[in-house]
Amino acid sequence: AHGLKGKVEAYIKVYETGSRYQLVHSAILAATPAICGNSSRAGKVASACFATGIALFSGSCYAVALSEDRSVGKLAPESMQITAVKLTLAQR
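Below, the structure is looked at part by part. Numbers given to residues run from 1 along each chain, matching the order in which its sequence is written. Per-residue local features of the predicted model are confined to residues with pLDDT of at least 70, and side-chain atom pairs are confined, for both listing and counting, to 80 or more; whole-chain, interface and lining totals are unaffected and use all residues. Water and hydrogen atoms were dropped before computing side-chain values, which therefore reflect all heavy atoms in the structure.

## Concerning the nonpolar core
Point 1. Core analysis: the largest hydrophobic core is formed by five residues, namely Tyr11, Val14, Phe57, Cys61 and Val64.
Point 2. Numbering of helices and strands runs from the N terminus, with a helix taken as a DSSP run of H or I at least four residues long and a strand as a DSSP run of E at least two residues long. Elements with a contribution of two residues or more to this core: α1 (9–36) and α2 (41–67).
Point 3. With three residues, the top contributor of residues to this core is α2.
Point 4. Residues in contact with valine 64, not counting those within four places in the same chain, are Tyr11, Val14, Asp69, Arg70, Val72 and Gly73. For our purposes a nonpolar core is just a set of buried Ala, Val, Leu, Ile, Met, Phe, Trp, Tyr and Cys residues, chained together by side-chain atoms within 4.5 Å. Accessibility here uses a 1.4 Å probe with only protein chains present; expressed as a share of the type maximum, an area under 20% marks a residue as buried, one over 50% as exposed, and anything in between as partly exposed. Contacts: residue pairs with any heavy atoms within 4.5 Å of one another.

## Topic: unusual backbone geometry
Outside of glycine, negative phi angles account for most residues, and trans bonds account for most peptide bonds.
Point 1. Phi angles above zero are rare outside glycine, and glutamate 68 is one such case at about 55 degrees.
Point 2. Structurally, glutamate 68 is set in the loop between α2 and α3 (78–90).

## Looking at the packing of aromatic side chains
Point 1. Under the pairing criterion, centres of Phe, Tyr and Trp rings, with the six-membered ring standing for Trp, must be within 6.5 Å; the plane angle then separates stacked pairs below 30 degrees from edge-to-face pairs above 60, leaving the rest tilted. Under the definition given, this model contains two aromatic pairs.
Point 2. Residues tyrosine 15 and tyrosine 62 carry aromatic rings whose centres are separated by 4.8 Å and whose planes lie at 45 degrees to one another, so their mutual orientation is tilted. Placement of the pair is tyrosine 15 in helix α1 and tyrosine 62 in helix α2, with a sequence separation of 47 residues.
Point 3. Seen in terms of ring centroids, tyrosine 21 and phenylalanine 57 are 4.9 Å apart; in terms of plane orientation they differ by 40 degrees. Their pairing is tilted. A residue pair is termed long-range when its members are at least 10 positions apart, and tyrosine 21 in helix α1 and phenylalanine 57 in helix α2 qualify at 36 residues.
Point 4. Assessed through its relative accessible area of 13%, phenylalanine 57 is described here as buried.

Okay, here's the thing in structure tokens:
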């Protein structure tokens, strides 16, 4: 958060969004084995999709906020990752 001092308020909000999504989806990631079963294939695929989605979406939010360049935010594939997880969870 100290790296955000002097940044435009809009970029601080982008950083906060990435942080919030990371927190919420990490909690869901932690609950995935309980939902799908520890050793199920669906659980492993869902966990991998959540971890990838968290890293890519939140990471791109952090990159946008720190660089103050929205063009680096085009890497945020959240909708694809969430769709993949939902499909995987639906198959269990």
